[in-house]
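# Working through the structure, step by step
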Amino acid sequence: MDEIKELHKCLLNITKEIDKICKENHIQYTLMGGSLIGAIRHNGFIPWDDDMDIGLLYDDYKKLISILKELNHPWLTFDIPESKEYEEQFMKVYDTRTTLKEIKSNRVKGVFIDVFPIIPIANQMSKAKRRYYYDALLKMTRYNKTNNSKSSGLKMLIYKCLGMFYTAKGLTKKIQKRREKFSKKAYKFIGDPDGSVKGIVPKAYFDQFEYHPFEDTELMIISQYDAYLTHIFGDYMQLPPVDKQVPGHFEILDLNHSYLEYNKEV
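One structure accompanies this document, and this report is about it. Throughout this document, residue positions are counted from 1 along each chain, in the order its sequence is written. Totals for whole chains, interfaces and linings use all residues, but because this is a predicted model, local features are given only for residues with pLDDT of at least 70 and pairs of side-chain atoms are given and counted only at 80 or more. Excluding hydrogens and water, the side-chain figures rest on all heavy atoms present in the structure.

### Some thoughts on the state of the cysteines
Where we set the bar: Any two cysteine sulfur atoms within 2.5 Å of one another count as a disulfide. Buried, partly exposed and exposed residues are distinguished by accessible area as a fraction of the type maximum, computed with a 1.4 Å probe on protein chains only: under 20%, between the cut-offs, and over 50%, respectively.
Inspection of every chain in the model, using the stated rule, returns zero disulfides. Lacking any disulfide linkage, Cys-22 is separated from the closest cysteine sulfur, that of Cys-10, by 18 Å. Assessed through its relative accessible area of 1%, Cys-22 is described here as buried.

Printed below as a string of structure tokens:
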């Protein structure tokens, strides 16, 4: 658990830097997923959690990307969907002084936080779900261009067949173009297309933000966190079974050496 605690410190340092940038530029964000549960249930990290997730409404998400591109930070860097050899459809922000390899990925980079765009998706839940599943199909087809997922044989066949008609770059462009299009609409329902279909919620859930204690600081969350978390997770205050209380995201972790050194050695 000492390794997890040290990882938590690193994740928190990255998040503090993003929080500082957001404050300086009047950008609102919220902790997401397990990070939001951790804030409410533990006033910090879930003890066995090994990642950090935040989300921003689409306009703020794009604004943050623009700022990071001009920042020239001494130890932060980032990937966005258009980045070379990057397979995801959301942003990751890395600490370049560290090394981490996710179990599911072929890439070695630094410890990171996930930064998700929250996008308007539809006025009816049924249409919102259809759009979510189509986005997921495109996203997984793109992912399997460079990584092997643990999807079933039938799903893999579908991804490979669809992938015959697109390059990885072409799929990324198609996915991001759709999201950009939806972002300009004042839809009733919004969601994180890189999360779960349960994450499709009324836009009102993201109308207000506030700061909440998190470890030795305060980080931003949505004010309607209870309605949001209950919608997605049910009784989120209930601890999972002991056998589920384990980290599960990384294969390689080195908090003392940069992935830039690692990649030179390989």
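### A word on the packing of helix α4 (residues 125-143) against helix α6 (residues 168-183)
The cut-off we apply is this: Where helices are involved, their axes are fitted lines through C-alpha atoms of the stretch in contact, as for all axes, and angles between N-to-C directions lie from 0 to 180°. Each helix is a run of H or I in the DSSP string that is no shorter than four residues. Each strand is a run of E no shorter than two, and both are numbered from the N terminus. Each angle is binned into one of four classes, with values under 35 degrees roughly parallel, values over 145 roughly antiparallel, values of 65 to 115 roughly perpendicular, and all other values oblique. By convention the crossing between two helices is left-handed if the near helix lies anticlockwise of the far one by an angle smaller than a right angle, and right-handed if it lies clockwise. Contacts are residue-level and defined by heavy atoms, with any inter-residue pair within 4.5 Å sufficient. The nonpolar class holds Ala, Val, Leu, Ile, Met, Phe, Trp, Tyr, Cys and Pro. Asp, Glu, Lys and Arg form the charged class, and all remaining residues, Gly among them, are polar.
Put simply, α4 and α6 touch, their axes get as near as 9 Å, and they point 155° apart. It follows that α4 is roughly antiparallel to α6 by the angle criterion. Crossing of α4 over α6 shows left-handed handedness. Residue-level inspection shows Arg-131, Tyr-134, Asp-135, Leu-138, Lys-139, Thr-141 and Arg-142 of α4 in contact with α6, the latter providing Ala-168, Leu-171, Thr-172, Lys-174, Ile-175, Arg-178, Arg-179 and Phe-182. Of the residues assigned to the contact of α4 with α6, the class counts are six nonpolar, two polar and seven charged.

### Thoughts on the nonpolar core
Using the following cut-off: Side-chain atoms within 4.5 Å link the members of a nonpolar core, which is a set of buried Ala, Val, Leu, Ile, Met, Phe, Trp, Tyr and Cys residues.
Counting 64 residues, the largest nonpolar core has Ile-18, Leu-64, Met-91, Val-93, Phe-206 and Tyr-228 as its most contacted members. If near-sequence neighbours (up to four positions away) are discounted, Tyr-228 is found in contact with Met-32, Leu-36, Gly-199, Val-201, Tyr-205, Phe-206 and Ile-222. Counting residues in each nonpolar core, the second largest holds seven residues, with Ile-121, Phe-189, Val-197 and Ile-200 among its members.

### With respect to the side chain of Asp-49
Here is the rule: Neither His nor the chain ends is counted toward charge; the positive residues are Lys and Arg and the negative residues Asp and Glu. For this document, the term salt bridge refers to a Lys or Arg side-chain nitrogen within 4 Å of an Asp or Glu carboxyl oxygen.
Along the chain, Asp-49 turns up in the loop between α2 (33-42) and β2 (53-57). For the buried Asp-49, no salt bridge is present, and the opposite-charge side chain at shortest range is Arg-41, 8.3 Å distant. Once you skip the residues sitting within four places of it in the chain, Asp-49 turns out to touch Ile-4, His-8, Gly-34 and Ser-35.

### Points about the pattern of salt bridges
Between side chains of opposite charge, pairing is possible as soon as their charged atoms come close. The tally for this structure, following the rule as stated, stands at 14 salt bridges. Of the charged contacts, one joins Asp-19 and Lys-23 as a salt bridge, the two residues approaching to 3.5 Å between their closest N and O atoms. Of the two residues, Asp-19 and Lys-23 are both situated in helix α1 (residues 2-24); the distance of four residues between them amounts to about one turn of the helix. Judged by relative accessible area, Asp-19 falls into the buried class, the value being 7%. A salt bridge links Arg-179 to Asp-194, with the shortest nitrogen-to-oxygen separation between them at 3.0 Å. With Arg-179 in helix α6 and Asp-194 in the loop between β6 (189-191) and β7 (201-202), this pair connects stretches of sequence that are 15 residues apart. Residue classification places Arg-179 among the buried residues on the basis of a relative accessible area of 2%. Taken together, the salt bridges that share partners define one network made up of Lys-62, Glu-180 and Lys-184.

### Focus: helix α3 (residues 58-71)
Here is the rule we go by: Multiplying 1.5 Å by the helix residue count minus one yields the expected span of that helix.
Between its first and last C-alpha, α3 extends 20 Å over 14 residues, near the 20 Å set by a 1.5 Å rise per residue. Among the residues of α3, Tyr-58, Asp-60, Tyr-61, Leu-64, Ile-65, Ile-67 and Leu-68 are the ones counted as buried. Contacts from the buried residues of α3 go to α1, β2, β3 (76-79), β4 (91-102), β5 (108-122) and α6. Where α3 ends, the next residue or the one after it, Asn-72, has phi of about 55°, a positive value.

### A look at the packing of α2 against helix α7 (residues 225-233)
At a closest axis distance of 11 Å, the pairing of α2 and α7 adopts a crossing angle of 125°. It follows from the interaxial angle that α2 and α7 lie oblique. In this structure, the crossing between α2 and α7 has a hand that is left-handed. On α7, the residues that touch Gly-33, Leu-36, Ile-37 and Ile-40 of α2 are Tyr-225, Tyr-228, Leu-229 and Phe-233. Per-class residue counts for the contact of α2 with α7 are seven nonpolar, one polar and no charged.

Geometric values such as these leave the question of function open.
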